[in-house]
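Residue-level structural notes
Next come the chains, spelled out residue by residue.
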Amino acid sequence: MTAEAAPVRPAPHRPPELIERPGLRLRLWRGWLQEHGHNTGALLDELISTSHWQQPILRLYGRHHPTPRLTSWMGDPGCSYRYSGIDHAPVPFSGAAERLRRDLNRSLDGPDFNSLLLNLYRRGHDRMGWHADDEPELDPAASIASLSLGASRDLRFRPRPGSPTQPPLCLRLEDGDLLLMDPPSQRCWQHGLPSRTRVQQQRLNLTYRVIRAEAIRPQPTTAMQSISTRAPLGRAATSTQARAGEIPSPNTSA
Ligand SMILES: O=C(O)CCC(=O)C(=O)O
């Protein structure tokens, strides 16, 4: 008689660490991926090798600056997303990204995510400037789910200009953590991932998102998309918009 593999069940729902400030609501589950049966090292390798990486070029003051990280945008058909001044048409979810989406959709109390931004920080120099994920195509009523893999890095939060002054806060995100950013966090606060030059290991971050139904549009594959999806690290687009702090200002030598 052969032994049958025990069915994999989602781990029991464990209450998150709750971080709340006026206008900010974060829910953090430490080690969520491990708890849900994932080998984070294998997952990191699979996600890196099966994603179509891009490094958009930001053009400012007549100079070209590669975005200080690699990115990939996946989604259901028609879930395009414009960020950092560039339109990103979705590549279909990879196998690992789809499995994670199913795990999240099953174990959270909504929403059903239809898109995913992957950010690969190759080492501590890579970073993300201050911004809020409040682009018009994103559903403002839906939480954003952020999964971290690899090196530990700091994610910082500060009130948006015009919001009441409050002290900033900093979360150290570690391998396997799940962070939910609930509304109205994006409307009232910004977040950013500063460089940490001593960090030598890579970190991968996945943010699952919801594109509003009204913003989903059929989009034929263009020549530029097919180039960028075939070429790893393809620099397929140029933008003049940068996230604060991502590129040196003309008055600094940084
Ligand atoms: O890497 C992170 O943890 C932050 C990612 C992020 O801010 C974003 O995708 O908008």
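Thresholds, definitions, all that
- Residues numbered from 1 in each chain as written.
- Predicted model: local features only at pLDDT ≥ 70, side-chain atom pairs only at ≥ 80, totals over all residues.
- Heavy atoms only, no water.
- Pairing = 2+ DSSP bridges.
- Helix = DSSP H or I, 4+ residues; strand = E, 2+ residues; numbered from the N terminus.
- Axes fitted to C-alpha atoms, helices over the stretch in contact; angles between N-to-C directions.
- Contact = heavy atoms within 4.5 Å.
- Polar contact = N/O pair within 3.5 Å; in protein donor to acceptor, adjacent residues only side chain to side chain.
- Phe/Tyr/Trp six-rings, centres within 6.5 Å; stacked < 30°, edge-to-face > 60°.
- Lys NZ or Arg CZ within 6 Å of the ring centre and 35° of its normal.
- Near = heavy atom within 4 Å.
- Areas by Shrake-Rupley, 256 points an atom, 1.4 Å probe, with all protein chains shown as cover.

Taken together, the seven strands give an open sheet; going across it, the order is E1-E2-E13-E10-E15-E8-E5, and neighbouring strands pair in antiparallel fashion. Two strands close off the open sheet at either side, each with one partner strand: strand E1 (17-21) and strand E5 (70-75). Taken pair by pair, the neighbouring strands of this sheet meet at an average axis angle of 15°, ignoring direction. Both strand E2 (residues 24-29) and strand E13 (residues 178-182) contribute to a ladder of five bridges, which runs antiparallel. Looking across to E13, one finds that Leu28 is bridged to Leu179. Across the sheet, helix H2 (residues 40-50) touches strand E8 (115-121), strand E10 (144-150) and strand E15 (203-209), and the angle it forms with E10 is around 105°. The sheet contacts of helix H3 (residues 95-107) involve E5, E8, E10, E13 and E15, and relative to E15 the element is tilted by about 55°.

Another aspect to go through is the side chain of Asp133. Along the chain, Asp133 turns up in the loop between strand E9 (128-131) and E10. A distance of 3.3 Å separates polar atoms of two side chains, one belonging to Asp133 and the other to His131.

Sheet analysis places E1 next to E2, joined by five bridges and oriented antiparallel. Residue pairing in the sheet places Leu18 in a bridge with Arg27 of E2. With antiparallel pairing between neighbouring strands as the criterion, E1 and E2 make up a hairpin whose turn holds two residues, including Gly23 at a positive phi of roughly 80°.

The geometry of two aromatic rings is summed up by the distance between their centres and the angle between their planes. On inspection of all chains with the given rule, the structure shows three aromatic pairs. Ring geometry for Trp73 versus Tyr81: centroids 4.7 Å apart, planes at 35°, classification tilted. Following the ring pairs from residue to residue traces out a cluster consisting of Phe93, Phe113 and Tyr208. Geometry around Phe93 places Arg101 over its ring, the cationic atom sitting 4.0 Å from the centre.

Taken together, 13 residues lie around the ligand, and Tyr121, His131, His191, Arg203 and Arg209 are the ones closest in. Taking His131, its side chain carries an N or O atom lying 2.9 Å from an oxygen atom of the ligand. One of the side-chain N or O atoms of Thr207 is found 3.4 Å from an oxygen atom in the ligand. With the chains in place, 99% of the 300 Å² that the ligand exposes on its own is no longer accessible.

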